[in-house]
Amino acid sequence: MKKIKALVATVAGSLAISMSATAADFLIWVDDAHKLLGKPNVRFVNGDSPKKFKEGHIPGSVNAFAHDLHYLEDVRKCNGLPMCPDRAAEFIGKELGIDNNTEVIAYDDGRGPNASGVWFFLTLYGVDNVKMLDGGFTTWEHKKYEVETGEGKKPAPKTFKVNIRKDMIATKEEVLKAVEDIKKNGKNSQYFILDARRFAEYTGKKLLDALEKPGKHITVARGGHIPGAVFFEWKKVAGNPKGKPGKHLFKPIKKLKKAFYKKLGKKGLTPDKTVITYCHVGLGRGSFVYAALKLVGHKKAKVYVGSWDEWGNTPELPVEK
């Protein structure tokens, strides 16, 4: 009986990386991640809020709240990047204790967006080996693996060399080009824009804030959505939107393909189009949908990191409500 239970646990734990040929590139199940705990060149990075981090986290983790990895002043100054390269290099190396040879596991409470935000951010700047913790911290706790509370110990600083993967992001100029192309060509456009936020944000009824620069939050000036953007809340691809233990971050590949190419296919989405995802700051719900696109093998996917924080705070850009 014990052998059978062990086999079931192994199969369940490997499900996340057997969903597709690409899943193993950026997902790691909790049991496999636990084997790496305490290894000298492995860094666990928690993407949830500092408050949640203090309540409980994986020992040795560092905290990098995904929502606060985006500075509007840097997005504007550095061609759509969430942080200018020098600031990002210092943050990744000195604050997170990551160099170019570090293996990183990004995680959150199990719902997925914040883990995806950290994963996307680090991958964008050139971390080659970074994965999301499939199952999340809620599964880690449920399995009674080690947990610590408090602010955690600050890691030893390292030197990180930035290598930006520009093909992962769309600037506001490219998004505007996509808007015009969709307006002109409709379903035949080469672009497809996905809004991963809540419906109240999409309609303009809900306004959120974000960091303009370190320590300064500002509320977005305008509500609504990017013209031509299709409402596609991140939960449509989430396997565990409520953060329950034992569940995977993403829905199975078959369901993801149905969500993208069958349901959105009616609106014109095809595997050859350039898909631009966004949310409020890009690093979270937008990056989560981007990751789901990568899981189904969609080659032309980008995150508009400026997202609604930039778009809604730029008066000359068009808005729909």
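Structure: see above.
Residues numbered from 1 in each chain as written. Predicted model: local features only at pLDDT ≥ 70, side-chain atom pairs only at ≥ 80, totals over all residues. Heavy atoms only, no water.

Chemist: Quick one: what's the story with the sheet that holds strand β1 (residues 27-29), residue by residue and with numbers?
Modeler: Read from one edge of the open sheet, five strands run β1-β5-β4-β2-β3, paired in parallel fashion. Unpaired on one side and paired on the other, β1 and β3 (62-63) mark the two borders of the sheet. Pairing analysis gives five bridges linking strand β2 (residues 42-46) to strand β4 (residues 103-107), with the strands arranged parallel. The partner of Val45 across the bridge, within β4, is Ala106. (Pairing = 2+ DSSP bridges. Helix = DSSP H or I, 4+ residues; strand = E, 2+ residues; numbered from the N terminus.)

Chemist: An account of the packing of helix α10 (residues 253-263) against helix α11 (residues 285-295) is needed here, citing residue identities and associated values.
Modeler: Helix packing for two helices is described by the angle between their axes and how far apart those axes are. Packing of α10 against α11 brings their axes to within 10 Å, and their N-to-C directions diverge by 110 degrees. One element, α10, and the other, α11, form an angle in the roughly perpendicular class. In this structure, α10 crosses over α11, and the sense of that crossing is left-handed. Each of Ile253, Leu256 and Phe260 in α10 lies in contact with α11, whose residues at this interface are Val289, Ala292, Leu293 and Leu295. Here the contact of α10 with α11 is built from residues that sort into seven nonpolar, no polar and no charged. (Axes fitted to C-alpha atoms, helices over the stretch in contact; angles between N-to-C directions. Parallel < 35°, antiparallel > 145°, perpendicular 65-115°, else oblique. Left-handed = near helix turned anticlockwise from the far one by under 90°. Contact = heavy atoms within 4.5 Å. Nonpolar A, V, L, I, M, F, W, Y, C, P; charged D, E, K, R; others polar.)

Chemist: Outline the packing of aromatic side chains, listing residues and values.
Modeler: As enumerated under the stated definition, the model contains 17 aromatic pairs in all. Here the aromatic rings of Trp119 and Phe120 are separated by 6.5 Å at their centres, their planes lie at 65 degrees, and the arrangement is edge-to-face. In this pair, the class of Trp119 matches that of Phe120, namely buried. Site record: aromatic cluster; members linked through ring pairs are Phe26, Trp119, Phe120 and Tyr290. (Phe/Tyr/Trp six-rings, centres within 6.5 Å; stacked < 30°, edge-to-face > 60°. Buried < 20%, exposed > 50% of the residue type's maximum accessible area, 1.4 Å probe, protein only.)

Chemist: Tell me about the pattern of salt bridges, residues and numbers included.
Modeler: Enumeration over the complete set of coordinates arrives at 16 salt bridges. For the salt bridge of Lys52 with Asp109, the shortest nitrogen-to-oxygen distance reads 2.6 Å. Of this pair, Lys52 sits in helix α3 (residues 50-55) while Asp109 sits in the loop between β4 and α6 (113-124); the two residues are 57 residues apart in sequence, bridging distant segments of the chain. Put simply, Lys52, Asp109 and Arg111 are held in one network by salt bridges that share partners. (Salt bridge = Lys/Arg side-chain N within 4 Å of Asp/Glu carboxyl O.)

Chemist: Go over α10 with me, naming the residues and quoting the values.
Modeler: Here α10 has its buried residues at Ile253, Leu256, Ala259 and Phe260. The buried residues of α10 occupy an angular sector of 130 degrees when projected down its axis, which confines them to one face. In α10, the exposed positions that point more than 90 degrees away from the buried face belong to Lys254, Lys255, Lys262 and Lys263. Next to the buried residues of α10 lie β6 (191-195) and α11. (Arc of directions from axis to C-beta.)

Chemist: If you had to explain the state of the cysteines to someone new, which residues and values would you point to?
Modeler: Applying the stated rule across the entire model yields one disulfide. Note on cysteine connectivity: Cys78 is disulfide-linked to Cys84, with sulfurs 2.0 Å apart. Since a negative S-S torsion denotes a left-handed disulfide, the Cys78-Cys84 link at about 95 degrees is right-handed. Between Cys279, a cysteine without a disulfide, and Cys84, which holds the nearest cysteine sulfur, the sulfur-to-sulfur distance is 19 Å. (Disulfide = S-S within 2.5 Å.)

Chemist: A description of the packing of α6 against α11 should follow, citing residues and the corresponding values.
Modeler: It is the contact of α6 with α11, at a shortest axis distance of 7 Å, that shows an interaxial angle of 80 degrees. When the axes of α6 and α11 are compared, the pair comes out roughly perpendicular. Note on element contacts: α11 touches α6 through Arg285, Ser287, Phe288, Tyr290 and Ala291, opposite Pro113, Ser116, Gly117, Trp119 and Phe120.

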